[in-house]
Amino acid sequence: MSQARPRSLLADATRAARLRFWIVIVGLLVIVGFVGSSGYDSWRSYRHVITATNRELGNLAKLLAEQAEDTLQTPDLLLRNTVTWYESERPTPGRAADDKLAARASGLPQVRELRIIDEHGMPRFRSRQLPADDSLLSDRAYFIAHRDDPSLGVVLSDPLITQIEHRPAVVMSRRLNKREGGFDGIVQAVVDLNQFQRVYQAIELGKGSAINLLRDDGTLVVRQPPPPAAQAIGGKFPDLVSAASAPAGLVTNSVDQKPRFVGLAHLASFPLVVAVTREKSVAFEGWRADYYRVTARTLVFVLLCGLAIGAVVYQLRRIELGERALRQSEERYALAMEGANEGHFDWDLEQGRSFLSPQMKLLHGHSADAPVTSREAWIAALDIHPDDAARMQAAVLDHFEGRSDHYEAEYRVRHPDGQWHWLHARGRCFCDGQGKVLRFVGSAIDVTARKNAEAEKERLEVQLRQSQKMEAMGTLAGGIAHDFNNILGAILGYGELAQKAAPDGGVVRRYLDNVMHAGGRAKALVERILAFSRSGVGERGPINVQAVIQETLELLAASLAPGVQLKSRLEAGDAAIVGDGTQLHQVAMNLCTNALQAMEHGGVLEVALERTQLAQARQLSHGNLAPGDYVRLSVSDTGSGIPPQVLERMFDPFFTTKGVGEGTGLGLSLVHGIVADLGGAIDVRTSVGGGTTFTIWLPIAGEAPVPSAAVAAELPRGDGQTVMIVDDERPLVALVEETLAELGYEPVGFSSSAQALHAFREAPQRFDAVLTDETMPELIGTELAREIRRLRPDIGIVLMSGYSGARLLERARAVGVREVLRKPLQRKDIAECLGRVLRPRLSPA
């Protein structure tokens, strides 16, 4: 016995020695493997940095190249249109032709000047009058290129600094031909390079990066950040253009003499290239930090590995004890889950025993005392939704095979009443030493209410985002329309005066008629934009819906294309809504026009109008309806239908599927805004190739008779009354002065509200009425009206605005304004308004 124990101790020592030996061997192998893995990871990370940097710079260069392409395409389109205009009209030099060039260039802020150069190099037409702008251009490279090569398209000059404004720019030019085909000069646009600089400045590239816009020959056009003083814009840097052939995309940049990664992208239509660069040292900053960390970690690992090897036996014992305690803790935790009002299950897979709590059976649509023989039989008896069965089974399998720490899944089961219930199940399995699953326990809870609440919340969030988007676009459109109204007011006003002064039948009168016709179309477009922005266009009142729809169809029937048949069924009687007849006309006309455009090869357009009553609330594709009486307008076509990708965005402002110049994208967004403003909703039913039906639901607000035609009355005239005119737009002041003088008034105009208030304070009894704009830089119109009413409460004040609305009307009434006129104003508007304000002292015209 005494000898057996030493032999046993010796054997134990031998086993321990062998164990230590193998622990050392394994430890060394681990160290070698770790060092090799760290080195490989560092090398792979190094290659990844190179690849990622080249990909990032290349993608950014492509995006910027597309942006530059789009930016230059617009001036090129302007040049093409100008060439067409010049070669078709052959205008004579003068202010009128210069004004046309200015009008063409006015919408392009990047075009500093648009000029037409004759065949001798002399500027003949220009969009801007600049001093010392008549220098001879026949020696310019782009002029010579166009003169010598008729086949050239657009030509870009080298970057230059404009002599007059001292701004960096590039000249884009196209050739002009005589009728017989000879060289007749060029049309050129001076494109401001500051726009590119501003775009590049807005991009956060980070330290050591730069954006370069160069010509194909390496001439630097724009650089962000700007180059050093010694390397000015216009210098040659062919190394950047040839960077595509450099190994790993690295070049030594001659701009700052630093090795850089370069991403290149050529413009498709212009001899330009975008080069995005990043210093090599900056690109590898993160990699170097990771490399130092990996090296330090490897050294620490090697130093600690010896200590770890010595303590491994002790650690193994502690791990064994810890795992045993962990298993016990997990078992206690799983059993403790039997609290709360949840259903629980316990599958003993080793013994084949099964347990389900009564609540678990009820959650799955079975009675509380339903027998359970096995897990397989229980799952086969469940009616799980087809979309969830595979996902639930995959979650169980992942957990059983050790790919997940716990089982968790949400799925639907159908109860005997046919209703689907959402369940959230959680569980955990227990395995033996070989990984075989012995036991699977868990719980489930009904989350149907939460799922329904999440779905409703998502629907409301989508509806809110759509509403916010429409409101934002409406505000933007209204602001644009307000500014355009001031310009349009001068055009229509002076055009009306000139039209009245021109003799009938003459060429000038015909030209003026065309101008007024175009101005009327512009005014109608502004009204559509203001209607879209809900700026209060039109007075609200009871509208006979059937009369408006009937009038719309009569107008539409006269312009139907061959092969299109119009069918109408109007059965709404005298049903009325509260709104604006013009807006309702726009809704019907836009829907019918879209339907006709969808039937390119003919078809049937059906329009139905009828009363209907909803007993319960209804949800439509675009809006919700409360119970009540409605008038329902349906517009159906047999056209091509609407594709799903278009159906999702068709009500977005400015979204159109038509080509450039064929649609504004405001039609359906205007319909959506008007219908929503009237308290209605829209339903859309479509199938590709099977036609489309738009159904408009509007709440009925009683009845209204068919309106009768009004008889036009003569315009009232003044009798020498003095009218103060206040507007910060001087051309509009001059226009209203001339109009009032022609109507028999004594106008006194001011382009400053502060000066107007001062003049009124000096002689308040001098003026009989005040006509003032609302939006002015010093005092707005309502503030001016308040100050004038303090000095003389009995004076009549008229407020003008291009962007009227309920808030403005309330503000105007609060300060004593008699009337509010909407711009652009015409002679009839001013005459009738002053006739009402100064009544009864005026006589008819």
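Residues numbered from 1 in each chain as written. Predicted model: local features only at pLDDT ≥ 70, side-chain atom pairs only at ≥ 80, totals over all residues. Heavy atoms only, no water.

S.K.: What am I meant to see in the overall build of the chain here?
M.R.: Scanning the chain from N- to C-terminus turns up 22 helices and 32 strands. Taken over 845 residues, the chain has a buried fraction of 43%. Here the contacts in the chain between residues at least 6 apart in sequence split such that 62% fall between residues at least 24 apart. Surface summary for the chain: the accessible area is close to 44,700 Å², and the carbon and sulfur share equals 55%. (Helix = DSSP H or I, 4+ residues; strand = E, 2+ residues; numbered from the N terminus. Buried < 20%, exposed > 50% of the residue type's maximum accessible area, 1.4 Å probe, protein only. Contact = heavy atoms within 4.5 Å. Areas by Shrake-Rupley, 256 points an atom, 1.4 Å probe, with all protein chains shown as cover.)

S.K.: Would you mind going over the sheet that holds strand 16 (residues 437-446) with me for this structure?
M.R.: Adjacent strands of a sheet pair through backbone hydrogen bonds, lying either parallel or antiparallel. Strand order in the open sheet formed by five strands is 13-12-16-15-14, with antiparallel pairing between adjacent strands. Each edge of the open sheet carries a strand with a single partner, namely strand 13 (353-356) and strand 14 (407-414). When the angles between neighbouring strand axes are averaged without regard to direction, this sheet yields 20 degrees. The strands that helix 11 (residues 386-400) touches are strand 14, strand 15 (420-431) and strand 16; relative to strand 14, the one it contacts most, it runs at about 155 degrees. (Pairing = 2+ DSSP bridges. Axes fitted to C-alpha atoms, helices over the stretch in contact; angles between N-to-C directions.)

S.K.: What's the story with the sheet that holds strand 18 (residues 564-571) in this structure? I'm lost.
M.R.: Pairing is mixed in the open sheet, where five strands are placed in the order 18-20-23-25-24. With partners counted over all chains shown, the strands left at the sheet margins are strand 18 and strand 24 (681-687), one partner each. On average, each strand axis in the sheet is tilted by 15 degrees relative to the strand beside it, whichever way the strands run. Sheet topology note: the strand 23 (residues 628-637)/strand 25 (residues 691-699) ladder contains eight bridges and is antiparallel. Each bridged residue has a counterpart across the sheet, and for Y630 the counterpart in strand 25 is P699. Most of the contacts of helix 14 (residues 545-557) go to strand 18, to which it runs at about 165 degrees, and overall it touches strand 18, strand 20 (603-614) and strand 23. Seen against the sheet, helix 15 (residues 581-598) touches strand 18, strand 20, strand 23 and strand 25 and runs at an angle of roughly 30 degrees to strand 23.

S.K.: Would you take a moment to explain the packing of helix 18 (residues 730-742) against helix 22 (residues 827-837) for this structure?
M.R.: Each packed pair of helices is defined by two parameters, the angle between the axes and the distance between the axes. It is at 10 Å that the axes of helix 18 and helix 22 come closest, and there the two elements cross at 60 degrees. Taken together, the axis directions place helix 18 and helix 22 in an arrangement best described as oblique. Once helix 18 is placed against helix 22, the crossing between them reads as right-handed. Touching V736, T739, L740 and E742 of helix 18 are R827, I830 and L834, all from helix 22. Tallied by class, the residues present in the contact of helix 18 with helix 22 amount to four nonpolar, one polar and two charged. (Parallel < 35°, antiparallel > 145°, perpendicular 65-115°, else oblique. Left-handed = near helix turned anticlockwise from the far one by under 90°. Nonpolar A, V, L, I, M, F, W, Y, C, P; charged D, E, K, R; others polar.)

S.K.: Which parts of the structure should I look at to understand the pattern of salt bridges?
M.R.: Close approach of charged atoms allows side chains of opposite charge to pair. Scanning the model with the defined rule gives 42 salt bridges in all. Linking E410 and R450 is a salt bridge whose minimum nitrogen-to-oxygen distance equals 2.5 Å. Pair noted here: E410 is in strand 14 and R450 is in helix 12 (residues 448-501), with a separation of 40 residues, a long-range link. Ionic pairing is found between E610 and R569, a salt bridge with its closest N-O pair at 3.5 Å. One end of the pair, E610, is in strand 20; the other, R569, is in strand 18, with 41 residues separating them in the sequence. Take R569: its relative accessible area is 37%, and that puts it in the partly exposed class. Overlapping salt bridges bring together E410, R450, K451 and E454 as one network. (Salt bridge = Lys/Arg side-chain N within 4 Å of Asp/Glu carboxyl O.)

S.K.: What is the right way to read helix 20 (residues 781-791) from this model?
M.R.: In an α-helix, one turn spans 3.6 residues, which is why side chains three or four residues apart end up on the same side. Among the residues making up helix 20, those that are buried are G781, T782, L784, A785 and I788. Within helix 20, the buried residues cover an arc of 155 degrees as seen down the axis, which keeps them to one side. (Arc of directions from axis to C-beta.)

S.K.: I tried to follow helix 15 on my own but got confused; where do I start?
M.R.: The first and last C-alpha atoms of helix 15 sit 26 Å apart over 18 residues, in line with the 26 Å expected at 1.5 Å per residue. Among all positions in helix 15, only G581, Q583, L584, Q586, V587, A588, N590, L591, C592 and A595 are buried. (Expected span 1.5 Å × (residues − 1).)

S.K.: Can you help me understand the pairing of strand 20 in this one?
M.R.: Moving residue by residue along a regular strand, the side chains alternate between the two faces of the sheet. Inspection of the sheet shows strand 18 paired to strand 20 by eight bridges, in the parallel sense. Bridging across to strand 20, Q565 finds its partner in V604.

S.K.: Sorry if this is basic, but what is going on with the packing of helix 19 (residues 753-762) against helix 20 here?
M.R.: At a minimum axis distance of 10 Å, the contact between helix 19 and helix 20 shows a crossing angle of 5 degrees. Comparing their axes, helix 20 and helix 19 come out roughly parallel. Of helix 20, the residues touching helix 19 (which contributes S753, L757, F760 and R761) are L784, E787, I788 and L791. By residue class, the composition of the contact of helix 19 with helix 20 is five nonpolar, one polar and two charged.

S.K.: Is there a simple way to think about a nonpolar patch on the surface in this case?
M.R.: On the surface, a cluster of nonpolar side chains totalling about 430 Å² of accessible area is made up of V300, L303, L304 and L307. Structurally, L303 can be placed in helix 7 (residues 285-310). Take L303: its relative accessible area is 67%, and that puts it in the exposed class. (Patch = residues over 30% accessible without salt bridge, like charges linked within 9 Å, V, L, I, M, F, W, Y side chains within 5 Å.)

S.K.: What exactly am I supposed to notice about the environment of I23 here?
M.R.: Structurally, I23 can be placed in helix 1 (residues 4-89). The buried category is assigned to I23, whose relative accessible area is 15%. I23 sits 289 residues away from V312 along the chain, and the two C-alpha atoms are 8.1 Å apart.

S.K.: Please clarify how the packing of aromatic side chains should be interpreted in this entry.
M.R.: By the definition in use, this model includes 17 aromatic pairs. Taking 5.9 Å as the distance between ring centres and 50 degrees as the angle between the ring planes, the aromatic pair formed by F261 and F284 counts as tilted. Taken as a pair, F261 in strand 10 (residues 258-266) and F284 in the loop between helix 6 (280-283) and helix 7 lie far apart in primary sequence, 23 residues in all. Like F284, F261 is buried. Between F400 and F440, the ring centres sit 5.0 Å apart and the planes meet at 85 degrees, which makes this aromatic pair edge-to-face. Highlighted residues: F400 in helix 11 and F440 in strand 16, separated in sequence by 40 residues. Like F440, F400 is buried. Directly above the ring of W422 sits K451, whose terminal nitrogen or CZ lies 4.6 Å from the centroid. (Phe/Tyr/Trp six-rings, centres within 6.5 Å; stacked < 30°, edge-to-face > 60°. Lys NZ or Arg CZ within 6 Å of the ring centre and 35° of its normal.)

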